[in-house]
Amino acid sequence: MLEEDMEVAIKVVVVGNGAVGKSSMIQRYCKGIFTKDYKKTIGVDFLERQIIVNGEDVRLMLWDTAGQEEFDAITKAYYRGAQACVLVFSTTDRESFEAISSWKEKVEMEVGDIPTVLVQNKIDLLDDTVIKNEEAEGLAKRLKLRFYRTSVKEDLNVNEVFKYLADKYLQRLKQQSAEETDIIHTSSNKIGVFNTTGSGHPNQNSSDLNGREIVNLRPNKQRTKKTKNPFGSCRLL
Ligand SMILES: Nc1nc2c(ncn2[C@@H]2O[C@H](COP(=O)(O)OP(=O)(O)OP(=O)(O)O)[C@@H](O)[C@H]2O)c(=O)[nH]1
């Protein structure tokens, strides 16, 4: 357990070309439903689901982004603050497979390196596949990503995708907490000055400013209910 009175909230962005099944995947996961109709996402949308991972209460906020390029400018703004990412392509759409690297880059440009997973959706249509298994596995290897094959329609592997991301995120959180504790211990002989502007890079734990060490103090969990933390983000000089 990290801390008892808090719940971990994870913002997950689901990205990929149009019609690969992003909205369907989120609907399946959060509402348990699947519809055959295709309704193009305009801009962004979001749904949430609470789960327990390794004894931790986790609230997953799933952001559904439009796959069409015409909405790029809007969707990019919503990547900010994302803590995990699902990159989706479709078994029957070669272009969606070839676009994966550029989707990854778009997200990375906004939020840096976050827990990410590669998903090949619509495996119920494997007979009509336009992507060889080795190609998909090769891409996952090259991008160093965990790879899942899903069928939102048949409800195959969808839960596993989100459980993996939540687990990976929690591991990082614990690792960061441990590292931050170490930094605070090793720099405990320095005079501390708080800076509450929170202007540092989200993944940055410590850095140098005019030769002095800066320690970022961030809550290791987001408070989504119960007591509010007045110090959302502090930096110790
Ligand atoms: N056969 C099959 N069809 C699926 C599956 N997942 C989604 N679909 C269908 O694919 C179509 C597109 O799904 P959406 O979820 O709307 O796709 P999207 O990626 O959100 O599309 P944009 O909003 O344009 O970005 C719909 O007709 C879905 O019913 C699946 O696993 N198998």
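Just above, that's the structure.
Below is a summary of the structure that appears in this document. (Residues numbered from 1 in each chain as written. Predicted model: local features only at pLDDT ≥ 70, side-chain atom pairs only at ≥ 80, totals over all residues. Heavy atoms only, no water.)

## Things to note about the side chain of S151
Here S151 is to be found in the loop between β6 (146-149) and α6 (158-186). Setting aside residues no more than four positions away along its own chain, S151 makes contact with N121, K122, I123, D124, L156 and V158. (Helix = DSSP H or I, 4+ residues; strand = E, 2+ residues; numbered from the N terminus. Contact = heavy atoms within 4.5 Å.)

## Structural notes on the packing of helix α2 (residues 72-79) against helix α4 (residues 100-111)
Describing two packed helices takes the angle between their axes plus the distance from one axis to the other. The geometry of α2 relative to α4 is characterised by a closest axis approach of 8 Å and an angle of 55° between their N-to-C directions. Judged on the interaxial angle alone, α4 and α2 are oblique. Here α2 runs over α4; the crossing is right-handed. For the pair α2 and α4, the contacting residues are D72, K76 and Y79 in the first and W103, K106, V107, E110 and V111 in the second. (Axes fitted to C-alpha atoms, helices over the stretch in contact; angles between N-to-C directions. Parallel < 35°, antiparallel > 145°, perpendicular 65-115°, else oblique. Left-handed = near helix turned anticlockwise from the far one by under 90°.)

## Quick notes on the packing of aromatic side chains
What describes a pair of aromatic rings is the distance from one ring centre to the other and the angle between the planes of the rings. Enumeration over the complete set of coordinates arrives at six aromatic pairs. Between F89 and F147, the ring centres sit 6.5 Å apart and the planes meet at 10°, which makes this aromatic pair stacked. Taken as a pair, F89 in strand β4 (residues 84-90) and F147 in strand β6 lie far apart in primary sequence, 58 residues in all. A relative accessible area of 0% places F89 in the buried class. Members of the aromatic cluster, joined through ring pairs, are F46, W63 and Y78. The cationic tip of R49 hangs over the ring face of Y29; the distance from NZ or CZ to the ring centre is 4.3 Å. (Phe/Tyr/Trp six-rings, centres within 6.5 Å; stacked < 30°, edge-to-face > 60°. Buried < 20%, exposed > 50% of the residue type's maximum accessible area, 1.4 Å probe, protein only. Lys NZ or Arg CZ within 6 Å of the ring centre and 35° of its normal.)

## Remarks on the site of the ligand
Lining the immediate environment of the ligand, one finds 25 residues, of which K22, S24, K36, Y38 and T41 sit closest. In the model, an oxygen atom of the ligand is placed 3.2 Å from a nitrogen or oxygen of the V20 main chain. Between the ligand and the protein, one listed contact pairs an oxygen atom with a side-chain N or O atom of S23 at 2.8 Å. Burial of the ligand by the surrounding chains reaches 93%, relative to a free accessible area of 660 Å². Ranked by residue count, the leading element in the shell around the ligand is helix α1 (residues 22-31), at three residues. (Near = heavy atom within 4 Å. Polar contact = N/O pair within 3.5 Å; in protein donor to acceptor, adjacent residues only side chain to side chain. Areas by Shrake-Rupley, 256 points an atom, 1.4 Å probe, with all protein chains shown as cover.)

## Here we look at the nonpolar core
Grouped together as the largest cluster of nonpolar side chains are 29 residues, with contacts concentrated most on I10, V12, V58, L60, V86 and F162. Those elements that place two or more of their residues in this core are β1 (8-15), α1, β2 (44-53), β3 (56-65), β4, β5 (116-121) and α6. Sort the elements by how many residues they give to this core and α6 lands first, with nine residues. With sequence-adjacent residues up to four places away left out, V86 is seen in contact with V12, V13, V14, V15, M25, V117, V119, V161, F162 and L165. Of all hydrophobic cores here, the second largest spans 25 residues; its members include V15, C85, F97 and V107. (Core = buried A, V, L, I, M, F, W, Y, C linked by side-chain atoms within 4.5 Å.)

## Things to note about the pairing of β4
The buried fraction of β4 is high, at seven of seven residues. Of the two faces of β4, the one holding A84, V86, V88 and S90 and the one holding C85, L87 and F89 are both buried throughout. Looking at chain direction, β1 and β4 are connected through four bridges and run parallel. By the bridge assignment, V15 is partnered in β4 with L87. Across six bridges, the pairing between β4 and β5 is parallel. By the bridge assignment, V88 is partnered in β5 with V119. (Pairing = 2+ DSSP bridges.)

## So, unusual backbone geometry
Here K122, not a glycine, exhibits a phi torsion of approximately 70°, which is positive. Residue classification places K122 among the partly exposed residues on the basis of a relative accessible area of 24%. The phi dihedral of N157 is positive, around 70°, even though this residue is not glycine. We classify N157 as partly exposed; its relative accessible area is 30%.

## Here we look at the sheet that holds β4
Pairing in this open sheet of six strands is mixed, and the strands run β2-β3-β1-β4-β5-β6 from one edge to the other. The sheet is open, and its two borders are formed by β2 and β6, each paired with just one other strand. Sheet twist, expressed as the average angle between the axes of neighbouring strands with direction ignored, equals 25°. Where α1 meets the sheet, its contacts fall on β1, β2, β3, β4 and β5, and the angle it forms with β3 comes to roughly 150°. Across the sheet, α2 touches β1, β2 and β3, and the angle it forms with β1 is around 155°.

Everything listed here is a matter of geometry and, on its own, says nothing about what the molecule does.
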